[in-house]
Number of protein chains: 2
Amino acid sequence: MRDFQLELMRYAEIIVKIGLNIQKGQTLVVFAPVSAVAIVRLIVKTAYESGAYDIYVDWNDDEIVRLKYELASEDSLKDYPMFKLKGIEELIDSNGALLFIRAPDPELFSGIDPKRIIIGNKTVSVALSEFQQNIMTKKLSWSLVAVPSKAWAAKVFPDLEESEGVGRLWEAIFKATRADLLNPIQEWEKHNNNLKYRVNYLNSKKYRCLSYYAPGTKLSIELPENHIWHGGEKINNRGASFYANIPTEEVFTAPLKNGVNGIVSSTKPLSNRGILIENFTLTFKNGKIIDFTAEVGYDALKRIIETDEGSCYIGEVALVPHNSPISESNLIYYHTLFDENASCHLAIGNAYPFCIEGGVDLDREHLAQQGINTSNIHVDFMIGSGELDIYGESSDGTKEQIICNGKWMF
Amino acid sequence: MRDFQLELMRYAEIIVKIGLNIQKGQTLVVFAPVSAVAIVRLIVKTAYESGAYDIYVDWNDDEIVRLKYELASEDSLKDYPMFKLKGIEELIDSNGALLFIRAPDPELFSGIDPKRIIIGNKTVSVALSEFQQNIMTKKLSWSLVAVPSKAWAAKVFPDLEESEGVGRLWEAIFKATRADLLNPIQEWEKHNNNLKYRVNYLNSKKYRCLSYYAPGTKLSIELPENHIWHGGEKINNRGASFYANIPTEEVFTAPLKNGVNGIVSSTKPLSNRGILIENFTLTFKNGKIIDFTAEVGYDALKRIIETDEGSCYIGEVALVPHNSPISESNLIYYHTLFDENASCHLAIGNAYPFCIEGGVDLDREHLAQQGINTSNIHVDFMIGSGELDIYGESSDGTKEQIICNGKWMF
């Protein structure tokens, strides 16, 4: 018999002690949906007990976001309340930590005029671009986690009644985040060591190019000469470790912006800002997306790709074994945080500067010179399956298989 | 059979159209407890439909506030997140509106070390002093309203089960705010006219002094020569009307700071920042509180009076008939917003500058010269009952009774 309260407390502990790794005297800002009040209280208590100096919770409510998209004037959608970022600026200067809690509704914006969504998305991404850069250069610790919403549970478990679906989704989240295990802190250390092993292996190989083969996919991705693979915990600018995502099963790096060629097919639905995109393909030539198809959500995919100059290139190459714990749940989560950790994936848009040597000290222009893409967006999409093979090609031309039928070969 | 959803919608409409009187193009900031999400969504919808440009909800959670008082360091209690005020500064410059929604817990802070409460209260009142001044000089429209919390309902209806108590408290709030009536907007106009009649009568009389007589009370309060009585709707600096409190039954002015003498006894419990104070007396000499007693919460009362230089003087004199709708409910609400509108009351601390002619243009020093008290706090306490008599004395020495056995004489 699983004990919900116990696993909820363990989840809060994983978030505070592993995800954020709260240091004595740190200020924590939590972005959370009002529906998550129970676990937010647990997180706040655990964080104060771990030595947090002060904690602000910046609550949000999806229905109120939707009301704005439905009812506010177009001018209002172009306006971002810049004062909301003041607190985060102070955090960066003072060694703070950020926690993002999501209770996603995969179809929040269905029925909203797409033109209004474009305007709103652009406003947000422009307003947050400096903030995004601070995040990507790890000027502070942050973690992204998720909790069930009723709408999300109904999407993942369409045949179950509401409360049962929510309960099952909690169980799936606890399992995916190791909150169901007896000593989650130790389990996370073990898991981190395993990811480090993959990262070190790939970094020692310095592959020049990766080749992907699967039904509907034949893709070649060149890697920058000085690329770095990452996975598991991150280290911020002040030397403290944290996990940007809970759960995390991926190892990833940045592709060479102009070195992507071929076609790739999605293997899971993509929910982007409340719109679903399903069964889509992207065709690349010299890095650029020159063609795309989608059985569902074509317009939404088009909007993503057309966001800005960098949004028709990719910025992330991530490897995840098809037998990861999340993958083995056999669920489609309709949420990137879980689906990306069950599947090899790529991301449209911005690359993480820390994926090349010295990258965090470069501005956009110098990153571009090194073949690193920049954009105001970063949208992961899933391409992994039990039929995916990936080969790594070294600079001397030798090829070896690193993923076979979706699983690690080393 | 009363219809909860209908009355809830009427309440939202009263708040938006009467309380805030939202103007086309205005930005609204709502401060609300996460537990009030249902009515906040209704308010947001109604406000957008009434022409609001943008709406931000700044949510809060009492349990997280309490966790800070329990667990954060003392230094942290001395720190106010000033970035939280940035948005309000912009609002003042741009003709915004503020809505404060409370779901009070009358005993939120019971058991917390009082020293920590003093520190926290001082931090808040110093940080908000400029904001308070902007509010008091009506540089923007604002409204304060309340919704039930479980803890509040349990205090008002200690013998009822939780859900029944919450339901009864909603009913009482709908009744007190006229949301139970068929045409609440018209009813508020009628009510406002009635309050205006009292205000005009009192302003025409220009009383020099009020004398209070009741069991345990024998008090004389001088009024400034150029005092102004207020009641019902307010007009902000840009000429738009609003109601600072929903409900509101009071007419009020400022006392002469040094002109209060005698003793006054409380007639209702006072819940101040989560601590209850009951059955207390204050003794005044030349305006100053020179002695006080309290059967419950003596220390909390002492802390209020000792907050700053102005907190041992009074700043408000308010008249409410003992047969007001709220008073006739015969409930003790343990919350100022309702109890003060069921009872004649006074306030310890700051006076409203608009209660004397030209007062909004005066700084603290010049207000003091006119005999107007200033303080970082403003704490109302109830002294009305069915046994209270009040006499007004004109400058020519003539006396007339204005309140007899708690009821208006004119």
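In this text, all values refer to a predicted model and were calculated from it rather than measured experimentally.

**Examining the interface of chain B and chain A**
How large an interface is tends to be reported as the accessible area lost when its parts come together.
Item 1. At the junction of the two partners, chain B supplies 30 residues and chain A supplies 30 residues.
Item 2. Together chain B and chain A conceal approximately 3000 Å² of surface at their shared face, both sides included; 67% is due to carbon and sulfur atoms.
Item 3. Counting the surface chain B buries against chain A, the share from its top three residues, Arg-41, Tyr-53 and Phe-83 of chain B, is 22%.
Item 4. A salt bridge links Lys-68 of chain A to Asp-54 of chain B, with the nearest nitrogen and oxygen atoms 2.8 Å apart.

**Some details on the sheet that holds strand S17 (residues 378-382) of chain B**
Residues and elements named next belong to chain B.
Item 1. Read from one edge of the open sheet, five strands run S7-S10-S15-S16-S17, paired in antiparallel fashion. One side of each edge strand has no neighbouring strand; the edge strands of this open sheet are strand S7 (230-231) and S17.
Item 2. Judged from the four bridges that link them, strand S15 (residues 314-319) and strand S16 (residues 345-349) form a sheet pairing that is antiparallel. By the bridge assignment, Val-317 is partnered in S16 with Leu-346.

**A word on a negative patch on the surface**
Residue and element names in this part refer to chain A.
Item 1. On the surface, Glu-74, Asp-75, Asp-79 and Asp-113 cluster together to form a negatively charged patch.
Item 2. Residue placement: Asp-79 occurs in the loop between helix H4 (74-77) and helix H5 (86-93).
Item 3. Since its relative accessible area comes to 38%, Asp-79 is described here as partly exposed.

**Thoughts on the environment of Leu-77 of chain B**
Item 1. Structurally, the position occupied by Leu-77 of chain B is in helix H4 (residues 74-77).
Item 2. Residues within four places of Leu-77 of chain B in sequence aside, it is in contact with Lys-68, Tyr-69, Arg-116, Ile-119, Gly-120 and Thr-123 of chain B.

**Some remarks on the relation of the copies chain B and chain A**
Item 1. Rotating chain B by 180° about the axis while translating it 0.0 Å along that axis superimposes it on chain A, leaving an RMSD of 0.0 Å. In short, the pair behaves as if placed about a two-fold rotation axis.
Item 2. When the interface residues of chain B are mapped onto chain A, 100% of them are again interface residues, pointing to one common binding face.

**Topic: the packing of aromatic side chains**
Residue and element names in this part refer to chain A.
Item 1. Across all of its chains, the model carries 44 aromatic pairs over all chains by this definition.
Item 2. For the ring pair Phe-31 and Phe-100, a centre distance of 5.4 Å and an interplane angle of 10° mean the geometry is stacked. Of this pair, Phe-31 sits in strand S1 (residues 27-33) while Phe-100 sits in strand S3 (residues 97-102), placing them 69 residues apart in sequence. Across the pair, Phe-100 and Phe-31 agree in class, each one buried.

**Digging into unusual backbone geometry**
All names here are of chain A.
Item 1. Here the amide bond leading from Ile-246 into Pro-247 is cis, since omega sits at 5°, within 30 degrees of zero.
Item 2. Positionally, Pro-247 belongs in the loop between strand S9 (241-242) and strand S10 (251-253).
Item 3. With a phi angle near 50°, Asn-286 is a residue other than glycine that sits in the positive phi range.
Item 4. Along the chain, the position of Asn-286 falls in the loop between strand S13 (275-285) and strand S14 (288-296).

**Some words on the pairing of S17 of chain B**
Residues and elements named next belong to chain B.
Item 1. Counting buried positions along S17 gives four out of five residues, so the element sits mostly inside the fold.
Item 2. Of the pairings in the sheet, the one linking S16 to S17 comprises five bridges and is antiparallel in character. By the bridge assignment for S17, His-345 is matched with Met-382.

**Thoughts on the packing of helix H1 (residues 4-19) of chain A against helix H2 (residues 37-49) of chain A**
Residues and elements named next belong to chain A.
Item 1. Direction vectors running N to C along H1 and H2 enclose 50°, while the axes themselves pass 9 Å from each other. On the basis of their axis angle, the class for H1 and H2 is oblique. Remark: the crossing between H1 and H2 carries right-handed chirality. Contact with H1, carried on its side by Leu-8, Met-9, Tyr-11, Ala-12, Glu-13, Ile-15, Val-16 and Lys-17, involves Ile-39, Leu-42, Ile-43, Thr-46 and Ala-47 of H2 and no other residues of that element.
Item 2. Tallied by class, residues from the contact of H1 with H2 come to ten nonpolar, one polar and two charged.

**Comments concerning the nonpolar core**
Item 1. Of all hydrophobic cores here, the largest spans 152 residues; its most connected members are Tyr-11 and Leu-98 of chain A together with Tyr-11 and Leu-98 of chain B.
Item 2. Apart from residues no more than four positions distant in its own chain, Tyr-11 of chain A is found in contact with Ile-39, Val-145, Ala-146, Val-147, Trp-170, Ile-173, Phe-174, Thr-177, Ala-179 and Ile-246 of chain A.

**Looking at the pattern of salt bridges**
Item 1. As enumerated under the stated definition, the model contains 30 salt bridges over all chains in all.
Item 2. Across the pair Glu-107 of chain B and Lys-155 of chain B runs a salt bridge whose closest N-O atoms are separated by 2.8 Å. With Glu-107 of chain B in the loop between strand S3 (97-102) and helix H6 (114-127) and Lys-155 of chain B in helix H8 (residues 150-156), the pair connects residues that are 48 residues apart, well separated along the chain.
Item 3. A relative accessible area of 24% means that Lys-155 of chain B is categorised as partly exposed.
Item 4. The network of salt bridges with common partners includes Arg-41 of chain A together with Asp-61 and Glu-63 of chain B.

**Comments concerning empty space enclosed by the protein**
Item 1. Inspection of every chain in the model, using the stated rule, returns two cavities of 30 Å³ or more.
Item 2. Put simply, the largest cavity is a space of about 330 Å³.
Item 3. If you trace the largest cavity, you find 20 residues lining it, with Asp-58 and Lys-84 of chain A together with Asp-58, Phe-83 and Lys-84 of chain B closest to the centre.
Item 4. The set of elements that each furnish at least two residues to the lining of the largest cavity consists of S1, strand S2 (54-60) and H5 of chain A together with strand S1 (27-33), strand S2 (54-60) and helix H5 (86-93) of chain B.

**Notes on the pairing of strand S11 (residues 260-265) of chain A**
All names here are of chain A.
Item 1. For strand S6 (residues 217-222) and S11, the ladder comprises four bridges, and the chain directions are antiparallel. Note that in S11 the partner of Leu-219 across the bridge is Gly-262.
Item 2. The pairing of S11 with S13 spans four bridges and is classified as antiparallel. Opposite Ser-265, over in S13, you have Thr-281 as the bridge partner.

What counts, and at which threshold
- Residues numbered from 1 in each chain as written.
- Chains lettered and ligands numbered in written order.
- Predicted model: local features only at pLDDT ≥ 70, side-chain atom pairs only at ≥ 80, totals over all residues.
- Heavy atoms only, no water.
- Contact = heavy atoms within 4.5 Å.
- Buried area = accessible area lost by both parts, 1.4 Å probe.
- Salt bridge = Lys/Arg side-chain N within 4 Å of Asp/Glu carboxyl O.
- Pairing = 2+ DSSP bridges.
- Helix = DSSP H or I, 4+ residues; strand = E, 2+ residues; numbered from the N terminus.
- Patch = residues over 30% accessible without salt bridge, like charges linked within 9 Å, V, L, I, M, F, W, Y side chains within 5 Å.
- Areas by Shrake-Rupley, 256 points an atom, 1.4 Å probe, with all protein chains shown as cover.
- Lys, Arg positive; Asp, Glu negative; His and termini not counted.
- Charge placed at Lys NZ, Arg CZ, Asp CG, Glu CD.
- Buried < 20%, exposed > 50% of the residue type's maximum accessible area, 1.4 Å probe, protein only.
- Least-squares fit on C-alpha atoms with pLDDT ≥ 70 in both.
- Phe/Tyr/Trp six-rings, centres within 6.5 Å; stacked < 30°, edge-to-face > 60°.
- Axes fitted to C-alpha atoms, helices over the stretch in contact; angles between N-to-C directions.
- Parallel < 35°, antiparallel > 145°, perpendicular 65-115°, else oblique.
- Left-handed = near helix turned anticlockwise from the far one by under 90°.
- Nonpolar A, V, L, I, M, F, W, Y, C, P; charged D, E, K, R; others polar.
- Core = buried A, V, L, I, M, F, W, Y, C linked by side-chain atoms within 4.5 Å.
- 1 Å grid on protein atoms, 1.4 Å probe; cavity = no way out; pocket = protein on both sides within 12 Å on 5 of 7 lines; lining within 4 Å.
- Points joined across faces, edges and corners; volume = space filled by probe spheres on them.

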